[in-house]
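Okay, here's what each chain looks like letter by letter:
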Amino acid sequence: EDIINIFITALKTIQERGKTNLGDKTIADTLDLIIKKLKDNKNYSEVFKSATKKALDDFKGKKIKIGRARMFEDKTKDLDDPGMLALNKLSEIF
């Protein structure tokens, strides 16, 4: 339960400070998916790995809407969001 609250706090903070919404192809989308999966599965390592991978896969082909990369418009459809990718890489060490 504490781990879910940590992720919820991180998500809310990122959304408030970054003025981002779910669906903008940001780290917030990955955190949201982690939170949802943790409610059904307490295997943190498995959830972290699968959710970060799924988030990257789910947003392939979509434009990055927030951050510096948004300036490249359609070219970002083939790029991973840096924050989403960083969480995915971090999950690989667990």
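Look up: the structure comes first, before these words.
A quick note: this is a predicted structure, and the numbers were derived from the prediction, not measured.

What follows is about unusual backbone geometry. Look at Lys 19: it is not a glycine, yet its phi comes out positive at around 50 degrees. If you trace the backbone, Lys 19 turns up in the loop between α1 (2-18) and α2 (27-38). Here Lys 25, not a glycine, exhibits a phi torsion of approximately 65 degrees, which is positive. Structurally, Lys 25 is set in the loop between α1 and α2. Taking the relative accessible area as the measure of exposure, Lys 25 reaches 2% and is therefore buried.

Next up on the list: the pattern of salt bridges. Within the structure shown, the criterion is met by 8 salt bridges. Where Asp 58 meets Lys 54, a salt bridge forms, and the shortest distance between an N and an O atom there is 3.1 Å. With a gap of 4 residues between them, Asp 58 and Lys 54 both fall in helix α3 (residues 44-58), about one helical turn apart. On the basis of relative accessible area, Asp 58 is assigned to the partly exposed category, the value being 36%. The class of Lys 54 is partly exposed, set by a relative accessible area of 36%. Measuring nitrogen to oxygen at the nearest pair gives 3.9 Å for the salt bridge that ties Asp 74 to Lys 77.

With that out of the way, let us pick up the nonpolar core. Within the largest apolar cluster, 17 residues are counted, with the highest numbers of intra-cluster contacts made by Phe 7, Ile 34 and Leu 38. Within the residue set of this core, elements represented by two or more residues are α1, α2, α3 and α4 (82-91). Broken down by element, the residue count for this core peaks at 6 residues, all from α2. Aside from chain neighbours lying at most four places away, what touches Leu 38 is Ile 3, Ile 4, Phe 7, Tyr 44 and Val 47.

Bringing the environment of Leu 22 into the picture now. Along the chain, the position of Leu 22 falls in the loop between α1 and α2. With 16 residues separating them along the chain, Leu 22 and Ile 6 place their C-alpha atoms 18 Å apart.

On to the side chain of Lys 25. Buried Lys 25, no salt bridge; nearest opposite-charge side chain is Asp 80, N-O distance 5.8 Å. When residues no more than four places from it in sequence are discounted, the contact partners of Lys 25 are Phe 59, Lys 62, Lys 63, Ile 64, Thr 76, Lys 77, Leu 79, Asp 81 and Met 84.

Before going further, it helps to spend a moment on the packing of aromatic side chains. Each aromatic ring pair is characterised by the separation of its centres together with the angle its planes make. Taken as a whole and judged by the stated rule, the model has 1 aromatic pair. Each ring, one from Phe 7 and one from Phe 48, has its centre 6.4 Å from the other, and the planes form 40 degrees; the classification is tilted. Taken together, the positions of Phe 7 in helix α1 and Phe 48 in helix α3 put the pair 41 residues apart, joining distant regions of the chain. For the pair Phe 7 and Phe 48, a shared accessibility class is recorded, and that class is buried. Its end group placed over the ring of Phe 59, Lys 62 keeps NZ or CZ at 4.9 Å from the ring centre.

Procedures and definitions
Residues numbered from 1 in each chain as written. Predicted model: local features only at pLDDT ≥ 70, side-chain atom pairs only at ≥ 80, totals over all residues. Heavy atoms only, no water. Helix = DSSP H or I, 4+ residues; strand = E, 2+ residues; numbered from the N terminus. Buried < 20%, exposed > 50% of the residue type's maximum accessible area, 1.4 Å probe, protein only. Salt bridge = Lys/Arg side-chain N within 4 Å of Asp/Glu carboxyl O. Core = buried A, V, L, I, M, F, W, Y, C linked by side-chain atoms within 4.5 Å. Contact = heavy atoms within 4.5 Å. Lys, Arg positive; Asp, Glu negative; His and termini not counted. Phe/Tyr/Trp six-rings, centres within 6.5 Å; stacked < 30°, edge-to-face > 60°. Lys NZ or Arg CZ within 6 Å of the ring centre and 35° of its normal.

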